[in-house]
Amino acid sequence: MLEVSAVDKFFGGFQALKQINLQVTEGEFRGLIGPNGSGKTTIFNVISGVYKPSAGKIKFLGKDITEHTPDKICHAGITRSFQIPRPFKEMTVVENVTLGALFGKGNAASAKEDPSSEARRWLEFVGLRVDENTMPGELTAGNLRRLELARALATHPRLLLADEVLSGLNQEEITQASMVLKKIREELKITIIWVEHIMRALMNLVDRVTVLDYGQIIAEGTPEEVSRNPKVIEAYLGEEETSSHA
Ligand SMILES: Nc1ncnc2c1ncn2[C@@H]1O[C@H](COP(=O)(O)OP(=O)(O)O)[C@@H](O)[C@H]1O
Ligand SMILES: [Mg+2]
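Residues numbered from 1 in each chain as written. Chains lettered and ligands numbered in written order. Predicted model: local features only at pLDDT ≥ 70, side-chain atom pairs only at ≥ 80, totals over all residues. Heavy atoms only, no water.

(A) Quick look at the overall build of the protein. When helices and strands are counted, the protein shows 10 helices and 10 strands. Structurally, the protein occupies a C-alpha span of about 50 × 40 × 35 Å along its principal axes. The buried share of the protein, taken over its 246 residues, is 50%. Within the protein, contacts between residues at least 6 apart in sequence are counted, and of these 67% link residues at least 24 apart. Positive and negative side-chain charges in the protein, numbering 29 and 33 respectively, have mean positions lying 5 Å apart. (Helix = DSSP H or I, 4+ residues; strand = E, 2+ residues; numbered from the N terminus. Buried < 20%, exposed > 50% of the residue type's maximum accessible area, 1.4 Å probe, protein only. Contact = heavy atoms within 4.5 Å. Lys, Arg positive; Asp, Glu negative; His and termini not counted. Charge placed at Lys NZ, Arg CZ, Asp CG, Glu CD.)

The following block contains the structure:
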């Protein structure tokens with residue numbers, strides 16, 4: 001479904017991504033991990049069209065999307081949720097999700113449904129119960145994540161790029177947000193690439209894990225394979241000592 005081939009990304013003289021090759025099949029739940037600054041968000045930025053890769057190619061559902069703009073990529077079926085939630089603060093929670101529904105690719109079924117009732121359906125799906133007038137500023141961190149996911153789902157993605165959806169959450173919220181991702185995968189059959197720092201949660205849910213270090217893929221495999229890979233252990237031990245590569 002997604003084929004990233006030999007992608008490089010430079011920021012000035014700094015190479016953030018080095019020859020990234022990544023293949024994700026339809027229906028897969030893929031984890032993407034790596035120390036701080038290893039290039040995880042940059043991969044999402046090049047897939048979603050925020051940055052053009054400096055070299056290489058990205059194909060989605062058989063089409064070359066390397067040169068596409070972010071809105072075109074969203075219409076093609078790729079949506080992301082951001083590491084730091086970015087709701088429109090002046091709009092109600094329901095309006096935020098409605099915007100996703102209006103912006104999304106809009107298949108025949110959703111075109112028939114009123115966008116704001118569709119928005120309520122997605123809010124219910126992620127387990128966020130709010131009044132008509134609730135503003136994003138009133139939500140807890142856990143519920144802001146639910147909003148972010150509802151807004152992403154309203155665009156009808158085939159592929160969801162989820163960037164650290166658990167960061168800043170307490171233990172109970174971590175469990176709940178993980179369950180929402182599981183539900184997205186199981187009930188909606190949406191392919192997910194999940195970048196997460198909280199490894200235990202990620203390793204429990206994903207089928208395969210790709211590990212980045214200094215902009216390069218250093219390992220890929222099942223959670224069991226990856227967690228006993230010496231290169232991976234070394235990358236994370238290094239991180240504990242220095243706290244970050246960035
Ligand atoms: N727009 C940018 N301009 C310059 N450097 C950037 C930019 N975005 C990311 N970087 C750098 O690229 C590296 C990877 O960043 P990022 O992909 O955000 O890492 P991660 O998400 O794995 O923590 C970091 O060293 C970061 O400083
Ligand atoms: Mg990041």
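We are not done yet, so read on.
(B) Expanded view of unusual backbone geometry. Even without being glycine, alanine 6 reaches a positive phi, approximately 50°. Tracing the backbone through its elements, the reader meets alanine 6 in strand β1 (residues 2-11). For glutamate 164, which is not glycine, the phi dihedral falls at a positive 45°. Here glutamate 164 is to be found in the loop between β7 (159-163) and α7 (171-188).

(C) Fine view of the sheet that holds strand β2 (residues 14-24). Spatially, β2-β1-β4-β5 is the arrangement adopted by the 4 strands of the open sheet, whose pairing is antiparallel. Among the strands making up the open sheet, the edge pair consists of β2 and β5 (63-64). (Pairing = 2+ DSSP bridges.)

(D) The pairing of strand β10 (residues 216-221), seen in detail. Both strand β9 (residues 208-213) and β10 contribute to a ladder of 5 bridges, which runs antiparallel. What sits directly across from leucine 212, in β10, is isoleucine 217. Connecting β9 to the antiparallel partner β10 that follows it, the hairpin turn spans 2 residues, and tyrosine 214 within it adopts a positive phi of roughly 45°.

(E) Representation of the pairing of β2 in the model. Here β1 pairs with β2 via 7 bridges, running antiparallel. The partner of leucine 2 across the bridge, within β2, is valine 24. Hairpin connection of β1 to β2: 2 residues between the antiparallel strands, including glycine 12 at a positive phi of 60°.

(F) Main features of the sheet that holds strand β8 (residues 191-195). The 6 strands are arranged β6-β7-β8-β3-β9-β10 in an open sheet whose pairing can be described as mixed. The sheet is open, and its two edges are formed by β6 (78-81) and β10, each paired on a single side. If you compare each strand with its neighbour and ignore which way they point, the axes differ by 20° on average. Helix-sheet contacts for helix α1 (residues 40-47) involve β3 (29-33), β6, β7, β8 and β9, and the interaxial angle to β7 is about 150°. (Axes fitted to C-alpha atoms, helices over the stretch in contact; angles between N-to-C directions.)

(G) Local environment of the side chain of threonine 191. As for its placement among the helices and strands, threonine 191 is situated in strand β8. At a separation of 2.8 Å, a polar atom in the side chain of threonine 191 contacts the main-chain amide nitrogen of glycine 27. Dropping the residues within four chain positions of it, threonine 191 is found in contact with Met1, Val24, Thr25, Glu26, Gly27, Glu28, Arg158, Leu159 and Leu160. (Polar contact = N/O pair within 3.5 Å; in protein donor to acceptor, adjacent residues only side chain to side chain.)

(H) Main features of the layout of surface pockets. The space that makes up the largest pocket amounts to roughly 460 Å³. Contributing to the lining of the largest pocket are 20 residues, with Cys74, Thr79, Arg80, Phe82 and Phe103 lying nearest its centre. Going through the elements one at a time, α2 (70-76), β6, α3 (93-103) and α6 (141-154) are the ones with two or more residues in the lining of the largest pocket. Broken down by class, the residue content of the lining of the largest pocket amounts to 9 nonpolar, 6 polar and 5 charged. (1 Å grid on protein atoms, 1.4 Å probe; cavity = no way out; pocket = protein on both sides within 12 Å on 5 of 7 lines; lining within 4 Å. Points joined across faces, edges and corners; volume = space filled by probe spheres on them. Nonpolar A, V, L, I, M, F, W, Y, C, P; charged D, E, K, R; others polar.)

(I) Layout of the nonpolar core. Ranked by internal contacts, the top residues of the largest apolar core, which has 46 residues, are Leu181, Ile184 and Trp194. Among the elements that make up this core, the one with the highest residue count is α6 (7 residues). By size, the runner-up hydrophobic cluster in this structure holds 23 residues, among which are Met1, Val24, Ile43 and Ile78. (Core = buried A, V, L, I, M, F, W, Y, C linked by side-chain atoms within 4.5 Å.)

(J) Spatial organisation of the environment of isoleucine 73. Structurally, isoleucine 73 can be placed in helix α2. Taking the relative accessible area as the measure of exposure, isoleucine 73 reaches 2% and is therefore buried. A C-alpha to C-alpha distance of 6.8 Å links isoleucine 73 and glycine 49, two positions 24 residues apart in sequence. Residue contacts for isoleucine 73: discarding those within four places in its chain leaves Ile47, Ser48, Gly49, Ile65, His68 and Ile78.

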